Amino acid sequence: RRLMFIVDYHNVVDRPLDAFDRRSLRVPVEEFRAEMRQLHDRFRPVPLETLLDMARQGHADPRTVAITFDDGYAGVW
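Model, not experiment: these values are computed from the prediction.

Criteria and cut-off values
Residues numbered from 1 in each chain as written. Predicted model: local features only at pLDDT ≥ 70, side-chain atom pairs only at ≥ 80, totals over all residues. Heavy atoms only, no water. Pairing = 2+ DSSP bridges. Helix = DSSP H or I, 4+ residues; strand = E, 2+ residues; numbered from the N terminus. Contact = heavy atoms within 4.5 Å. Axes fitted to C-alpha atoms, helices over the stretch in contact; angles between N-to-C directions. Salt bridge = Lys/Arg side-chain N within 4 Å of Asp/Glu carboxyl O. Buried < 20%, exposed > 50% of the residue type's maximum accessible area, 1.4 Å probe, protein only. Core = buried A, V, L, I, M, F, W, Y, C linked by side-chain atoms within 4.5 Å.

Participant: Before we move on, could you go through the sheet that holds strand β5 (residues 64–69) and cite the residues and values that matter?
Facilitator: Spatial ordering of the open sheet is given by β1-β5-β4, a layout of three strands whose pairing is parallel. Lying at the two open borders of the sheet, with one neighbouring strand each, are β1 (5–9) and β4 (44–45). By the bridge criterion, two bridges tie β4 to β5 in an arrangement that is parallel. The residue bridging Pro45 from the neighbouring strand is Val65, located in β5. In the packing of helix α3 (residues 48–56) onto the sheet, contacts are made with β1, β4 and β5, and the angle to β5 comes to roughly 135°.

Right under this line is the structure:
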């Protein structure tokens, strides 16, 4: 069985974070940009549906990653 990754965020914010923000999967804009660059350079980002289809078909690729947000906050846009 091969691994595949899903990275989940709650919100991207343009202000200093407090402890609650950190526990709530919120990240500052610049940190989010840096994380997206790292994921792009080291993995193969795909839509969540594609990642799930690959898993169902047994075509797992350990370099595949999907990024999700669990809410529709303005920071996500």
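There's plenty left to go through after this.
Participant: Can you explain the pattern of salt bridges? Please cite residues and give values.
Facilitator: According to the stated counting rule, one finds three salt bridges in the structure shown. With a shortest N-O distance of 2.4 Å, Glu30 and Arg33 are connected by a salt bridge. Residue Glu30 and its partner Arg33 are both found in helix α2 (residues 29–42); the two are separated by three residues, about one turn of the helix. Using a relative accessible area of 51% as the deciding quantity, one classes Glu30 as exposed. With relative accessibility at 41%, the residue Arg33 sits in the partly exposed group. Between Arg56 and Asp53 there is a salt bridge whose closest N-O contact spans 2.6 Å. On the criterion of helical spacing, the pair formed by Arg56 and Asp53 is a turn pair, its members being three residues apart in helix α3. We classify Asp53 as partly exposed; its relative accessible area is 30%.

Participant: Please give an account of the nonpolar core that cites residues and values.
Facilitator: Judged by nonpolar contacts, Met4, Val46, Leu51, Met54, Ala60 and Ala66 together constitute the single largest core of six residues. Non-local contacts of Val46, meaning those with residues more than four positions away in its chain, are made with Leu51, Thr64, Val65 and Ala66.

Participant: Provide a residue-level description of the environment of Val12, including the pertinent values.
Facilitator: Following the sequence through the fold, Val12 ends up in strand β2 (residues 11–13). Owing to a relative accessible area of 9%, Val12 belongs among the buried residues under this scheme. Counting along the chain gives ten residues from Val12 to Arg22, while the straight-line C-alpha distance between them is 11 Å.

Taken by themselves, the reported measurements are silent on function.
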